[in-house]
Amino acid sequence: MTPADTGASTSVDAATAVSAPDTTGAPGAPDAPDAASATAGVPGTPDSRMTPGGPGYRRMSFALFLAGVATFALLYSTQALLPLISGDLGVTASDASWTVAAATGGLAVFVLPMSALSERFGRRTVMTASLAVAVTVGLLVPFAPSLPALVALRAVQGAALAGLPASATAYLAEEVRPRALVTAIGLFVAGNSVGGMSGRVNTGWVAQEWGWRVAVGAIGLVAVACAVAFRLLLPAPQHFTPGSLRPRVLVRTVRDHLADPLLRRLYAIGALFMTVFGGVYTVIGYRLTEAPFSLPQGLIGSIFLVYLVGTVSASTAGRLVGRLGRRGALYLGAGTTAAGLLLSLAPSLPLVLLGLVLITAGFFAGHAVASSAVGKTAQHGRAQASALYQSAYYVGSSAGSTVGAVAFHSGGWAGTVGVGVLAVLGVVVITVSGSLAARRQSGGAPAKVLGLSR
């Protein structure tokens, strides 16, 4: 997910490494310049990277927008259809939830290896290959004869899609001038949001008329069109320099990041927030098909329009940090999410919808705060630090989808809410412990540690 969805925003922070001073008062380490910016800064050497209005910029922006649409439409294509999949295949909610968990789990496992492959073989090559495999599998998904076959196909699809968030922001950082980079990445993030939302909404209405297999097939065809257009439109890279895979260096960098207690806390916060979000949106379709709501599939799919709230919430996270500090913004996100969970217990559709609005707003705000802190906290290997956050984030999605569905199967919606509340409490405990650790390190002075405090 990005600020409107998932996954991409963490790469944004790592790739761009915000150059503005940290408004929380914490010291931020500047990014090491990429190869393109290094040459562009040499006196007398013109900067040949793309800029708005320049050659290739619009094509590049639209190509990556379409890649974002295809990626997240495919990744979550079954989430709004789980009740229909359960009925067609004769499986429980917890069993059907594996069609979501397998895809996000595959992405979580392969995002780090894909980031390494893009360093060796090129961003455009990895993105093209990833989309090609993912859309091919997407066309096979509607013909899955059983749940195990469907889950296996979805796992392969998620693994293939890991090449997009691993490569897109790196391509932009190398091919676009720094002043235009935020705008260019914003278009890719917008594609993530549109794909994630439209995929869920459209499948709901198509499935209501023709069944879940036709709905998933329609998403596959849309993704094929997006993938072909992406490959035709994306300009060939001009500033990419191949590197070696060097597994030892990668392993050492990953080990260093995992040894950093602050980064570990940020990874855990991202995973816990996504546990809530993944569980709620995996199970909400089952809740709304049951009494007293008994909504048709089309209307259930439209519930995902609530994602638009997340777009606004994520975009205002920076201002929240400026006013409340990172710790305060995390508390606000956790509190808003918890309030939404409790409100969703009401047997009233308007209150359930309001609860979903609060859950979505709180989740996206918390995710934006945690993911942005990762890029500023990592002192080296920011791409790997970002990839690790994405891995934790999608592990949380898989865990939330599975555990939330199991809880729903055993305890109804209250069980799913209970899982979410525990995850939110985990966020609060981690934030408090981080603040206490920072205060101890500073000798009792007010904590001003990057990522969890003012």
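Residues numbered from 1 in each chain as written. Predicted model: local features only at pLDDT ≥ 70, side-chain atom pairs only at ≥ 80, totals over all residues. Heavy atoms only, no water.

1. Examining the environment of Y57
Here Y57 shows up in helix α3 (residues 57–75). Separated by 178 residues in the primary sequence, Y57 and P235 have C-alpha atoms spaced 8.6 Å apart. (Helix = DSSP H or I, 4+ residues; strand = E, 2+ residues; numbered from the N terminus.)

2. With respect to the packing of aromatic side chains
Applying the stated criterion across every chain, the model contains 10 aromatic pairs. Summarising the aromatic geometry, the rings of F363 and F364 are spaced 4.9 Å apart at their centres and angled 65° between planes, so their arrangement reads as edge-to-face. Judged by centre distance (6.2 Å) and plane angle (25°), the rings of Y389 and Y393 are stacked. One end of the pair, Y389, and the other, Y393, are both in helix α18 (residues 382–441), 4 residues apart, so they sit about a helical turn from each other. Assigned by exposure class, Y389 and Y393 land together as buried. Across from the ring centre of F121, 5.5 Å away, lies the NZ or CZ of R120, which sits over that ring. (Phe/Tyr/Trp six-rings, centres within 6.5 Å; stacked < 30°, edge-to-face > 60°. Buried < 20%, exposed > 50% of the residue type's maximum accessible area, 1.4 Å probe, protein only. Lys NZ or Arg CZ within 6 Å of the ring centre and 35° of its normal.)

3. Regarding the side chain of S77
Within the secondary structure, S77 is located in the loop between α3 and α4 (82–89). Of the residues examined, S77 reaches a relative accessible area of 2% and is grouped as buried. One polar contact links S77 to R154, side chain to side chain, over a distance of 3.4 Å. In contact with S77, other than residues within four places in its own chain, are R154, T203, V216 and I219. (Polar contact = N/O pair within 3.5 Å; in protein donor to acceptor, adjacent residues only side chain to side chain. Contact = heavy atoms within 4.5 Å.)

4. Considerations on the pattern of salt bridges
The tally for this structure, following the rule as stated, stands at 1 salt bridge. Its salt-bridge partner being R213, residue D88 comes within 3.4 Å of it at the nearest N-O pair. Taken together, the positions of D88 in helix α4 and R213 in helix α11 (residues 212–233) put the pair 125 residues apart, joining distant regions of the chain. Judged by its relative accessible area of 43%, D88 falls in the partly exposed class. (Salt bridge = Lys/Arg side-chain N within 4 Å of Asp/Glu carboxyl O.)

5. Quick look at the packing of helix α6 (residues 98–121) against helix α7 (residues 123–140)
Close contact between α6 and α7 brings their axes to 7 Å; oriented N to C, the two are set at 130°. What the angle tells us is that α6 and α7 run oblique. Where α6 abuts α7, its residues M114, L117, S118, E119 and F121 lie against R123, T125, V126 and S130. (Axes fitted to C-alpha atoms, helices over the stretch in contact; angles between N-to-C directions. Parallel < 35°, antiparallel > 145°, perpendicular 65-115°, else oblique.)

6. Describing the nonpolar core
Among the nonpolar cores identified, the biggest contains 116 residues, and M60, L64 and Y281 are the most heavily contacted of them. The biggest single contributor to this core is helix α13 (residues 261–289), with 16 residues. (Core = buried A, V, L, I, M, F, W, Y, C linked by side-chain atoms within 4.5 Å.)

7. Some points on the confidence of the model for the protein chain
With 81% of its residues at a pLDDT of 70 or more, the protein chain has an overall mean of 81. Within the protein chain, the lowest mean pLDDT, 38, falls on helix α1 (residues 8–16), and the highest, 96, falls on helix α8 (residues 147–161). Low pLDDT, under 50, characterises residues 1–44; the predicted model gives this stretch 118 contacts beyond four residues in sequence or across chains. Between residues 447–451, whose pLDDT stays under 50, and residues either more than four places distant or in other chains, the model counts 23 contacts. (pLDDT = per-residue confidence, 0-100.)

8. Observations concerning α13
Taking 1.5 Å as the rise per residue, α13 with 29 residues should run 42 Å; its terminal C-alpha atoms sit 43 Å apart, in good agreement. For α13, the principal kink sits at V283 and spans about 35°. Taking burial as the measure, the 29 residues of α13 include 24 buried ones, the bulk of the element. Two to three positions downstream of the cap, the backbone nitrogen of L262 sits 2.9 Å from a side-chain oxygen, assigning the N-cap of α13 to D260. (Expected span 1.5 Å × (residues − 1). Bend = angle between axes of the 7 residues up to and from the residue.)

9. Side note on unusual backbone geometry
For the bond running from A291 to P292, omega is 10°, close enough to zero to count as cis. Mapped onto the elements of the fold, P292 is located in the loop between α13 and α14 (297–302). We note that S294 has phi near 50°; this positive angle belongs to a residue other than glycine. Structurally, the position occupied by S294 is in the loop between α13 and α14. For S294, a relative accessible area of 49% gives the class partly exposed.

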